[in-house]
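Architecture and fold: a report
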Amino acid sequence: MLTVERVEKSYRTGGLFARRRKQVLSGISFEWKAGECLGIIGESGSGKSTLGRLLLGIERPDRGSVRWEGRPADERRARRGSVSAVFQDYTSSIHPFFTVEKALMEPLTLRNKRAAIDSRRIDRLLEQVGLDSSYRNKYPHELSGGEAQRVCIARAVATEPRCILLDEAVSSLDGSVQVQVLDLLRSLKTAYDMGYIFITHDIQAAAYLCDRVMIVRDGRIEETVDVDRLRDVQSPYAKKLLDMVMA
Ligand SMILES: Nc1ncnc2c1ncn2[C@@H]1O[C@H](COP(=O)(O)OP(=O)(O)OP(=O)(O)O)[C@@H](O)[C@H]1O
């Protein structure tokens, strides 16, 4: 389980020695339970990716806490087996000189340095993301956007975490490829019995994949609602966001 309590985050503005700070997240508290698919939605600049980095322990909050199974997210032990991530920029997520096989081996060998990785494991991972074994020897520049993102997803599931955090992971894919990747995520969720934290500005994509969405505005949680009650949102901002999609 992930527990986020009263998180605050600000950044210095105007250079290294500037005193002024911009508040990016304020009073963020929520829980994510195993198996759940939680959408975090909001407009550009609302603080979604900053929150994602705090959940991954890449950055620390100024105040408040982010804990996986009770341990602070910035402890590697807390994250191991708990969470992995897929980002928007699939081209730079895979080392340009790594074959797909090497890219998939990396998280497995990091987790278990001494174990020899069974090559059937690589084939199985590829198969699960809809790619055949001929992809093992391809380099990132030989992959389409959808294929590269499938490899990133295979990397994320390789260590079988409880949760995958997806930050705008389908946003730069073409419409039909987006739906294919969302369908893939749905099937992997069942196969691996895991959940997602799905960060996006796209309410439709969030509604397709998630059980619950949290609407973030100017670094605060505006409203959290179950997807099947999305039409019942209360806050004027959430209503406006929805109307823009429904129009
Ligand atoms: N490392 C940083 N240093 C300074 N300011 C930052 C930093 N990271 C983010 N910000 C600022 O924090 C605010 C929120 O950014 P963030 O990327 O979290 O928003 P977002 O909702 O993910 O937006 P987008 O959908 O456009 O990626 C922005 O104003 C951004 O300029």
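Just so it is clear, the model here is predicted, and its values are computed rather than measured.

**Some details on the overall build of the protein**
Broken down by element type, the protein carries nine helices and ten strands. Taken against the 2.2 N^0.38 rule, which gives 18 Å for 247 residues, the C-alpha radius of gyration of the protein at 18 Å falls within 12% of a compact globule. The principal-axis extents of the C-alpha atoms in the protein amount to approximately 50 × 45 × 35 Å. When each of the 247 residues of the protein is scored for burial, the buried share is 35%. Taking contacts inside the protein between residues at least 6 apart in sequence as the whole, the part at least 24 apart equals 65%.

**Considerations on helix H7 (residues 175–192)**
In a regular helix each residue adds 1.5 Å, so 18 residues correspond to 26 Å; H7 covers 26 Å between its end C-alpha atoms and thus fits that length. Those residues of H7 lying buried are Gln178, Val181 and Leu185. End-on view of H7: buried residues confined to an arc of 65 degrees, all on one side of the axis. Along H7, the residues that are exposed and aim more than 90 degrees away from the buried face are Ser176, Ser187, Thr190 and Ala191. Structurally, H7 contributes buried residues whose contacts are with helix H6 (145–158), strand E8 (195–200) and helix H8 (203–209). Just downstream of H7, Asp193 is the residue with a positive phi angle, here 50 degrees.

**With respect to the environment of Arg124**
Mapped onto the fold, Arg124 is located in helix H5 (residues 119–128). For the pair formed by Arg124 and Ala154, sequence separation is 30 residues and the distance between their alpha carbons is 9.6 Å.

**Some details on the site of the ligand**
Contacts to the ligand come from Tyr11, Val24, Gly42, Ser44, Gly45, Ser46, Gly47, Lys48, Ser49, Thr50 and His201. Here the shell around the ligand gets three residues from one element, more than from any other, and that element is helix H1 (residues 48–55).

**Things to note about the confidence of the model for the protein**
In this model, the protein carries an average pLDDT of 91, and 96% of its residues clear a pLDDT of 70 or more. Prediction confidence for the complex, expressed as pTM and ipTM, is 0.92 and 0.96 respectively.

Each value, and the rule that gives it
- Residues numbered from 1 in each chain as written.
- Predicted model: local features only at pLDDT ≥ 70, side-chain atom pairs only at ≥ 80, totals over all residues.
- Helix = DSSP H or I, 4+ residues; strand = E, 2+ residues; numbered from the N terminus.
- Rg over C-alpha atoms; globule rule 2.2 N^0.38 Å.
- Buried ≥ 20, exposed ≤ 12 C-beta atoms within 10 Å, placed from the backbone.
- Contact = placed C-beta atoms within 7 Å.
- Expected span 1.5 Å × (residues − 1).
- Arc of directions from axis to C-beta.
- Near = placed C-beta within 6 Å.
- pLDDT = per-residue confidence, 0-100.

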